[in-house]
Amino acid sequence: MLLLLGSTTTATAESPARPPNIILIFADDVGYGDLGCYGSTLSTPQIDRLAREGFSSTDCLVAANVCGPSRAALMTGRYPMRCGHPISRHNTPKYAEYGIAAEELTLAELLKSAGYYNKMVGKWHLGFHVDGSHPLDAGFDEYLGLHGNYSKTHGDADTLYRNRDVLEAGIDFEEVTARYTDEVVNFIKEKKNEPYFIYFSHHIAHAPILPSSPYQGRSGKKGRAGAYGDFLLELDHSVGRVVAAVEDAGIGDNTLVVFLSDNGPAVNGSAKPFSGGKYVTMEGGHRVPAIFRWPGQIPPGQVSDAMITSMDLLPLFCHLANVPIPDDRTIDGRNIFDLLTGQTEQSPHEFFYFYNGLNLQAVRKGAWKLHLPRTIADQPYWARRAGGNHMKIHLSLQEPMLFDLDSDVGEKKNVYSQHPEVVAELMQEAERIRAQIGDVKVIGSDQRPHHLANPQDKT
């Protein structure tokens with residue numbers, strides 16, 4: 001269903017003559033219920049403005065519930081099992097040669113073939129030190145950022161890099177968001193002849209939860225919840241600065257701005273009204289806020305419950321850049337331009353597959369979601385570890401569970417016994433996709449090897 005709030009101006013479904021600039025703002029661990037425009041009591045005025053002026057999805061699913069695999073799927077338009085990156089990497093010897101495969105085509109590489117200048121700012125998390133897996137190897141012309149999760153104790157995880165060189169070692173985390181935002185804003189201010197793509201990959205709201213001093217205490221909450229709210233306000237301010245730079249440069253009508261989160265929230269965030277969050281395959285782990293703004297092309301005030309995915313960005317961006325989608329590999333994403341511009345209300349997807357690491361755990365068709373039997377041993381390390389407020393939800397299942405998300409978005413009422421025909425169809429689809437892209441004990445026919453020993457274990 002598509003709701004139009006305010007203006008009902010429509011746009012042509014044909015891509016514009018001049019390819020637009022594209023700015024992708026990718027948040028880290030920001031939950032569906034963390035933003036004002038998605039029901040939070042916390043006001044996020046800049047992100048809320050994006051929603052009012054464009055298209056908001058209430059059913060956008062990311063392909064993984066943790067950072068690395070989600071980013072691999074975003075970059076390639078392919079499920080992590082298909083593109084060979086189903087596990088989130090760490091700064092330990094086990095992952096020394098584990099990164100996004102050089103043979104994968106990224107959305108940056110595809111845009112580059114159409115003359116785009118590509119800049120990345122922020123968290124990469126796909127093998128920065130692995131030959132062939134650096135952002136500059138993946139189609140980006142410039143890079144500034146911390147290559148993975150911030151840490152003072154894990155190697156160079158607190159080192160700011162420009163391209164392949166150390167810019168500043170031991171940077172204080174509270175400085176990072178402002179440095180990133182300055183970099184993006186200054187880039188936008190420069191007049192560019194060619195279209196450009198900016199991938200702005202935040203560390204907010206991933207731990208450590210350390211907002212910079214101007215935002216400490218701004219949310220009005222106390223303790224960890226207050227620091228988290230302050231962090232979100234800092235994210236919101238950064239988004240506002242980027243959009244203001246676009247408008248000040250006079251390029252708003254030719255710039256698509258996309259805001260998306262990489263997965264559901266960790267302990268401090270909210271996935272309401274869904275159950276679960278980061279680390280699990282409940283809707284709260286995979287369903288994220290997603291907003292698209294492009295004045296004159298995307299009608300304002302749209303709220304859509306058509307199922308879309310983060311993998312759809314690759315074919316969407318290819319469409320806008322007039323780049324053919326690669327036909328030598330399976331692309332799981334679909335072009336959603338007609339949906340964004342109000343030409344259709346229908347999802348381009350029949351099914352969605354919920355993997356946790358290597359483990360296929362659920363299959364969804366429309367409102368029907370079937371959780372599959374699994375054991376604790378099937379789980380990746382992030383789901384097995386103790387603690388957190390999402391971890392113990394359906395980690396082990398002896399029998400399938402079926403939920404009707406139209407009436408039970410929180411996945412509380414198991415209707416497995418009442419709909420045997422739905423169960424049979426989704427079980428058959430699970431077997432089909434297992435055979436194609438694999439499972440814990442299945443090597444798929446279209447599964448790129450990940451080359452990790454004991455992949456579900458951290459070490």
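Everything numeric in this text was worked out from a predicted model, so none of it was measured.

Thresholds, definitions, all that
Residues numbered from 1 in each chain as written. Predicted model: local features only at pLDDT ≥ 70, side-chain atom pairs only at ≥ 80, totals over all residues. Heavy atoms only, no water. Helix = DSSP H or I, 4+ residues; strand = E, 2+ residues; numbered from the N terminus. Rg over C-alpha atoms; globule rule 2.2 N^0.38 Å. Buried < 20%, exposed > 50% of the residue type's maximum accessible area, 1.4 Å probe, protein only. Contact = heavy atoms within 4.5 Å. Areas by Shrake-Rupley, 256 points an atom, 1.4 Å probe, with all protein chains shown as cover. Lys, Arg positive; Asp, Glu negative; His and termini not counted. Charge placed at Lys NZ, Arg CZ, Asp CG, Glu CD. Phe/Tyr/Trp six-rings, centres within 6.5 Å; stacked < 30°, edge-to-face > 60°. Pairing = 2+ DSSP bridges. Axes fitted to C-alpha atoms, helices over the stretch in contact; angles between N-to-C directions. Expected span 1.5 Å × (residues − 1). Arc of directions from axis to C-beta. Parallel < 35°, antiparallel > 145°, perpendicular 65-115°, else oblique. Nonpolar A, V, L, I, M, F, W, Y, C, P; charged D, E, K, R; others polar. Core = buried A, V, L, I, M, F, W, Y, C linked by side-chain atoms within 4.5 Å. 1 Å grid on protein atoms, 1.4 Å probe; cavity = no way out; pocket = protein on both sides within 12 Å on 5 of 7 lines; lining within 4 Å. Points joined across faces, edges and corners; volume = space filled by probe spheres on them. Salt bridge = Lys/Arg side-chain N within 4 Å of Asp/Glu carboxyl O.

**Digging into the overall build of the chain**
Move 1: Secondary structure summary: the chain contains 11 helices and 16 strands in total.
Move 2: Relative to a compact globule of 459 residues, whose C-alpha radius of gyration would be 23 Å, the chain shows 21 Å and is just as compact.
Move 3: Taking the principal axes of its C-alpha atoms as reference, the chain extends roughly 60 × 50 × 50 Å.
Move 4: Residue burial in the chain is summarised as follows: out of 459 residues, 60% are buried.
Move 5: Excluding contacts between residues fewer than 6 apart, the proportion of contacts in the chain whose partners are at least 24 apart in sequence is 71%.
Move 6: Put simply, the chain shows about 17000 Å² of open surface, and 50% of that area lies on carbon and sulfur atoms.
Move 7: Positive and negative side-chain charges of the chain, numbering 43 and 55 respectively, have mean locations separated by a distance of 4 Å.

**Here's the deal with the packing of aromatic side chains**
Move 1: Applying the stated criterion to the full structure yields 21 aromatic pairs.
Move 2: Geometrically, the ring pair formed by Tyr 79 and Phe 352 is tilted, given 5.7 Å between the ring centres and 55 degrees between the ring planes. With a gap of 273 residues between them, Tyr 79 in the loop between helix 2 (67-76) and helix 3 (80-83) and Phe 352 in strand 13 (residues 351-356) connect regions that are remote in the sequence. The exposure classification of Tyr 79 matches that of Phe 352, with both residues buried.

**Thoughts on the sheet that holds strand 14 (residues 359-365)**
Move 1: Taking strand neighbours across the sheet as the criterion, the four strands line up as 13-14-15-16 in an open arrangement whose pairing is antiparallel. Each edge of the sheet is formed by a strand with only one pairing partner; in this case those strands are strand 13 and strand 16 (401-404). Ignoring which end each strand starts from, the neighbouring axes of this sheet average 20 degrees apart.
Move 2: In terms of strand pairing, strand 13 meets strand 14 through six bridges, oriented antiparallel. Bridge pairing links Phe 354 to Ala 362 in strand 14.
Move 3: Seen against the sheet, helix 11 (residues 420-437) touches strand 13, strand 14, strand 15 (368-371) and strand 16 and runs at an angle of roughly 60 degrees to strand 13.

**Structural notes on helix 11**
Note on helix geometry: an α-helix contains 3.6 residues per turn, so any two residues three or four positions apart are oriented the same way.
Move 1: Here helix 11 contains 18 residues, and its C-alpha end-to-end distance of 26 Å stays within 8% of the 26 Å for a straight helix at 1.5 Å per residue.
Move 2: Inspection of helix 11 places Val 422, Val 423, Leu 426, Glu 429, Ala 430, Ile 433, Arg 434 and Ile 437 among the buried residues, and these make up the whole buried set. Down the axis of helix 11, the buried set is contained in an arc of 140 degrees. They therefore lie on one face. More than 90 degrees from the buried face of helix 11, the exposed residues found are Pro 420, Glu 421 and Gln 428.
Move 3: Residues of helix 11 that are buried make contact with helix 3, strand 13, strand 14, strand 15 and strand 16.
Move 4: Just downstream of helix 11, Gly 438 is the residue with a positive phi angle, here 95 degrees.

**With respect to unusual backbone geometry**
Move 1: With an omega of 10 degrees, the peptide bond between Ile 204 and Ala 205 qualifies as cis.
Move 2: Tracing the backbone shows Ala 205 in the loop between strand 8 (196-201) and helix 6 (223-248).
Move 3: Cis rather than trans, the peptide bond between Lys 272 and Pro 273 has omega equal to 10 degrees.
Move 4: Relative to the helices and strands, Pro 273 resides in the loop between strand 9 (255-261) and helix 7 (283-286).
Move 5: With a phi close to 65 degrees, Asp 29 is a non-glycine residue in the positive phi region.

**Overview of the packing of helix 1 (residues 45-52) against helix 6**
Move 1: Between helix 1 and helix 6, the shortest axis-to-axis distance is 7 Å and the interhelical angle comes to 55 degrees. Here helix 1 is positioned oblique relative to helix 6, judged by the angle of their axes. Two secondary-structure elements touch here, helix 1 through Pro 45, Gln 46, Ile 47, Arg 49 and Leu 50 and helix 6 through Leu 235, Asp 236, Val 239, Gly 240, Val 243 and Glu 247.
Move 2: Class assignment of the residues belonging to the contact of helix 1 with helix 6 gives a composition of six nonpolar, two polar and three charged.

**Regarding the nonpolar core**
Move 1: Of all hydrophobic cores here, the largest spans 49 residues; its most connected members are Trp 124, Phe 197, Phe 292, Leu 316 and Phe 317.
Move 2: Top element by residues in this core is helix 8 (residues 313-321). It accounts for seven residues.
Move 3: Formed by 45 residues, the second largest nonpolar core is a distinct cluster that contains Ala 27, Val 30, Val 121 and Ala 249.

**Let's talk about the packing of helix 5 (residues 176-189) against helix 6**
Move 1: Contact pair helix 5 / helix 6: the axes reach a minimum separation of 9 Å and the direction vectors enclose 10 degrees. With respect to their mutual orientation, helix 5 and helix 6 come out roughly parallel. Between helix 5, through Thr 177, Ala 178, Thr 181, Asp 182, Val 184, Val 185 and Ile 188, and helix 6, the contact on the second element is made entirely by Glu 234, Ser 238, Arg 241, Val 242, Ala 245 and Val 246.

**Quick notes on empty space enclosed by the protein**
Move 1: Taken as a whole, this structure holds three cavities of 30 Å³ or more when the rule is applied.
Move 2: Taken as a whole, the largest cavity encloses approximately 80 Å³ of empty space.
Move 3: Around the largest cavity, the lining comprises 13 residues; the ones closest to its centre are Ala 63, Ala 64, Pro 80, Tyr 355 and Gly 357.
Move 4: Residue assignment for the lining of the largest cavity shows that the elements contributing at least two residues are helix 3 and strand 13.

**Some remarks on the environment of Ala 306**
Move 1: Along the chain, Ala 306 falls in the loop between strand 11 (302-304) and strand 12 (308-309).
Move 2: Ala 306 sits in the buried class, given a relative accessible area of 5%.
Move 3: Linking Ala 306 and Ala 96, residues 210 residues apart in sequence, is a C-alpha distance of 40 Å.

**Quick look at the pattern of salt bridges**
Move 1: Applying the stated rule across the entire model yields 36 salt bridges.
Move 2: Residue Arg 164 is joined to Asp 137 by a salt bridge in which the shortest nitrogen-to-oxygen separation is 2.8 Å. Of this pair, Arg 164 sits in the loop between strand 6 (160-162) and strand 7 (165-168) while Asp 137 sits in the loop between strand 4 (117-122) and strand 5 (142-145), and the two are 27 residues apart along the sequence.
Move 3: Given the relative accessible area of 45%, Arg 164 is considered partly exposed.
Move 4: Of the residues examined, Asp 137 reaches a relative accessible area of 31% and is grouped as partly exposed.
Move 5: The partner of Arg 287 in a salt bridge is Glu 283, and the shortest N-O contact between them spans 2.8 Å. In this pair, the class of Arg 287 matches that of Glu 283, namely buried.

Interpretation note: all reported values are geometric properties and have no functional meaning in isolation.
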